[in-house]
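# Summary of the model geometry
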Amino acid sequence: MFDIKWIRENAEAFDKAQVARGAEASSSRLIALDEERVVEVQKLQDAQQRRNAASKEIGKAKGSGDEEKAAALMAEVSQLKGAIQEGEAKTRDLQDALSEALSSLPNIPLDSVPAGKDENDNVVHHTWGEIADKGFEPKEHYELGEALGMMDFETAAKLSGSRFVVLKGQLARLERAIGQFMIDTHINEHGYEEVSVPTLVRSEVMYGTGQLPKFAEDAFHTDDDRWLIPTSEVPLTNMVRESIMDGDKLPMRVTALSHCYRSEAGSAGRDTRGMLRQHQFTKVEMVSITDETSSVAEQERMLGCAEAILQKLGVPYRVVTLCVGDMGFSARRTFDIEAWLPGQNTYREISSVSTCGDFQARRMNARYRDVSDKTVKYVHTLNGSGVAVGRCLIAVMENYQTADGSIVIPDVLRPYMGGLEKISA
């Protein structure tokens, strides 16, 4: 969400950023719409002032016995009431049109974000870990899981349709262990407060973080006008909506392990085998709320928190900086962490860490009182996967597989697995 005053003062930069993100250069249209709104607001205020003045004059005219003047004034007030009602409706319509237009525009990227149109233009930031030669042809996770009899897509399809899975036995336990390990690490080592969040939220909450109105088809909607969360970023970030925080309480850092739901409307035909792209999945989410000067450094810190998870698990990965054309709607800059998957012989996304500036805060009306000068400003919001549990399960399975199809349990997960060292048939 943007401040129309800022757009007016920075029209050229605004248009340049929007075009880079695949949107149209719309500053002139938005400014014209706002100018029309301002004219109508002024006309409305003038009519209201004249109505109030005429109403007072009616009493004076009657008091002086001038019934003719009083009647004329009453007719004028009646006419003004009709004009005011029409003006209020027109002003409302113009404000709604401006708000709708502004709410559909993506955030402006930081200057450091690389140019580009899609994932092919993303820039590798750094890599971690060695990609070892296993000495055998590695299998994909679904081949391993099905051979173990612990990953069942057929039964899931009977229950719910495509893009669901039933995990059984030690694989189900391993998924749970990964989630518990992650949340414990972020709480005990990274300074996050654990929060258990609702997975059904209201429309205004989805609007606050930028999922609505533009991306409604990507989410599941209930009959009572609530939405299944696509990520716990949505409820975690909206915890500060419509509030003014004390600046000395920032940064606020919260994390949640939750179920997430996505329709995957735009991914028909992609990753149809296995668990990579599911309608329902679990994820550990990190959210930080900061002041306006700390968000860039906080993003780097959050990236380190997510990387620490994969480093502890011994999963090789690389970090890429997303180009302008590949970033999410609300982000100003995004780092993706891509885990190495031997079965696919490639890196695949397992975490995204984004800073949104005050973009979401304006949509949520989330503010803070600055410690130094006591002024009220919009907070900055950040979110990051810490990390996606299902994709992490895939990464562990493929990187720790053995020639006989067994899966070695990483050392850090063994306490969560009752000391189990290997999953085998």
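Our subject is the structure listed above.
Below or above, wherever it landed, is the structure these notes cover. Bear in mind that the values here come from a model prediction, so they are computed numbers and not experimental data. (Residues numbered from 1 in each chain as written. Predicted model: local features only at pLDDT ≥ 70, side-chain atom pairs only at ≥ 80, totals over all residues. Heavy atoms only, no water.)

### Comments concerning the packing of helix α5 (residues 141-148) against helix α12 (residues 389-399)
Test applied: Angular values range over 0 to 180 degrees, each being the angle between N-to-C directions of two axes fitted as lines to C-alpha atoms, with helices fitted over their stretch in contact. The secondary structure listing takes helices from DSSP runs of H or I that are at least 4 residues long and strands from runs of E that are at least 2 residues long, numbered from the N terminus. An angle below 35 degrees is treated as roughly parallel, one above 145 as roughly antiparallel, one from 65 to 115 as roughly perpendicular, and anything else as oblique. Working rule for contacts: check all heavy atoms of both residues, and any pair within 4.5 Å makes them a contact. Classification used: nonpolar for Ala, Val, Leu, Ile, Met, Phe, Trp, Tyr, Cys and Pro, charged for Asp, Glu, Lys and Arg, polar for all others including Gly.
Packing of α5 against α12 brings their axes to within 9 Å, and their N-to-C directions diverge by 80°. If you check the angle between α5 and α12, you find them roughly perpendicular. Across the interface between the two elements, H141, L144 and G145 from α5 touch I394, M397 and E398 from α12. Of the residues contributing to the contact of α5 with α12, the split by class is three nonpolar, two polar and one charged.

### Overview of the nonpolar core
The condition is simple: By nonpolar core is meant a set of buried Ala, Val, Leu, Ile, Met, Phe, Trp, Tyr and Cys residues that side-chain atoms within 4.5 Å join together. Classification of residues uses two cut-offs on accessible area relative to the type maximum, computed with a 1.4 Å probe and protein chains only: under 20% is buried, over 50% is exposed, and between them is partly exposed.
By size, the foremost hydrophobic cluster in this structure holds 49 residues, and its most contacted members are L171, L174, I178, M182, C392 and I423. Not counting chain neighbours up to four residues away, the residues in contact with C392 comprise I178, M182, L310, L313, I350 and V387.

### Some remarks on the environment of A147
Structurally, A147 is set in helix α5. What makes A147 exposed here is its relative accessible area of 59%. The spacing of A147 and S424 is 277 residues in sequence and 9.6 Å in space, taken between C-alpha atoms.

### A few points about the packing of aromatic side chains
Stated formally: Geometry of aromatic contacts follows a simple scheme: Phe, Tyr and Trp rings, the Trp one being its six-membered ring, pair when their centres are within 6.5 Å, and the pair is stacked under 30 degrees between planes, edge-to-face over 60, tilted otherwise.
Under the counting rule described, the total for this entry stands at seven aromatic pairs. Consider the rings of F2 and F359, whose centres lie 5.6 Å apart with planes at 70°: the pair is edge-to-face. Of this pair, F2 sits in the segment before α1 (4-9) while F359 is found in helix α11 (residues 359-364), placing the two residues 357 residues apart along the sequence. The exposure classification of F2 matches that of F359, with both residues buried. For the ring pair F181 and Y416, a centre distance of 6.5 Å and an interplane angle of 75° mean the geometry is edge-to-face. Note that F181 is positioned in helix α7 (residues 169-188) and Y416 in the loop between β17 (407-408) and β18 (422-423), a separation of 235 residues in sequence. Residue classification places Y416 among the partly exposed residues on the basis of a relative accessible area of 27%.

### Quick notes on the packing of helix α2 (residues 11-20) against helix α3 (residues 27-63)
Packing of α2 against α3 leaves a shortest axis separation of 9 Å and a crossing angle of 125°. Comparing the axis directions of α2 and α3 gives the class oblique. Along the contact surface, α2 presents A11, F14 and D15, while α3 presents S27, L30 and I31. For the contact of α2 with α3, the per-class residue count stands at four nonpolar, one polar and one charged.

### Observations regarding α7
How we decide: A helix is expected to span 1.5 Å multiplied by its residue count minus one.
Taking 1.5 Å per residue, 20 residues should reach 28 Å; α7 reaches 28 Å between its end C-alpha atoms and fits that length. Regarding α7, the residues found buried are L171, L174, A177, I178, G179, F181, M182, I183, T185 and H186.

### Re the pairing of strand β11 (residues 317-321)
Stated precisely, the cut-off is as follows: Between any two strands, pairing holds if DSSP finds at least two bridges.
Counting buried positions along β11 yields four of five residues, so the element is predominantly enclosed. Bridge count for β11 against strand β12 (residues 333-341) is five bridges, and the pairing is antiparallel. Directly across from Y317, in β12, lies its bridge partner A339.

### Some details on helix α4 (residues 67-103)
With 37 residues, α4 extends 53 Å between its outermost C-alpha atoms, agreeing within 8% with the 54 Å of an ideal straight helix rising 1.5 Å per residue. Within the sequence span of α4, burial applies to A70, L73, V77, L80, I84, G87, T91, L94, L98, A101, L102 and S103. Contacts made by the buried residues of α4 are with α1, α3, α8 (203-208) and α11.

### Some details on empty space enclosed by the protein
Put simply, the test is: Here a cavity denotes a set of grid points, spaced 1 Å apart and computed over the protein atoms alone, in which a 1.4 Å probe fits but from which it cannot get out, and a pocket denotes an open set meeting protein on both sides within 12 Å along at least five of seven lines; residues with an atom within 4 Å of a point are reported as lining. Grid points are joined across faces, edges and corners, and a volume is the space filled by probe spheres set on the points.
Following the criterion strictly, the structure yields one cavity of 30 Å³ or more and no others. In this structure, the largest cavity occupies an estimated 40 Å³ of space. Lining the largest cavity are L276, A339, L341, R348, E349, I350, R391 and I394. For the lining of the largest cavity, the secondary structure elements donating two or more residues are β12, β13 (346-355) and α12. At three residues, β13 tops the list of elements feeding residues into the lining of the largest cavity. The residue inventory of the lining of the largest cavity, partitioned by class, reads five nonpolar, no polar and three charged.

### Digging into the state of the cysteines
Short version of the rule: Any pair of cysteine sulfurs within 2.5 Å is marked as a disulfide.
Throughout the structure, instances matching the rule amount to zero disulfides. Here C356 is not cross-linked by a disulfide; its sulfur's nearest cysteine counterpart is in C260, at 16 Å. Residue C356 is classed as buried on the basis of its relative accessible area, which comes to 2%.

### A few points about the pattern of salt bridges
Put simply, the rule is: The salt bridge criterion pairs a side-chain nitrogen of Lys or Arg with a carboxyl oxygen of Asp or Glu, the two atoms within 4 Å.
Considering all chains together, one arrives at 25 salt bridges under this definition. Measuring nitrogen to oxygen at the nearest pair gives 2.8 Å for the salt bridge that ties R8 to D34. Taken together, the positions of R8 in helix α1 and D34 in helix α3 put the pair 26 residues apart, joining distant regions of the chain. Exposure remark for R8: the relative accessible area of 36% places this residue in the partly exposed category. Of the charged contacts, one joins D224 and R226 as a salt bridge, the two residues approaching to 2.5 Å between their closest N and O atoms.

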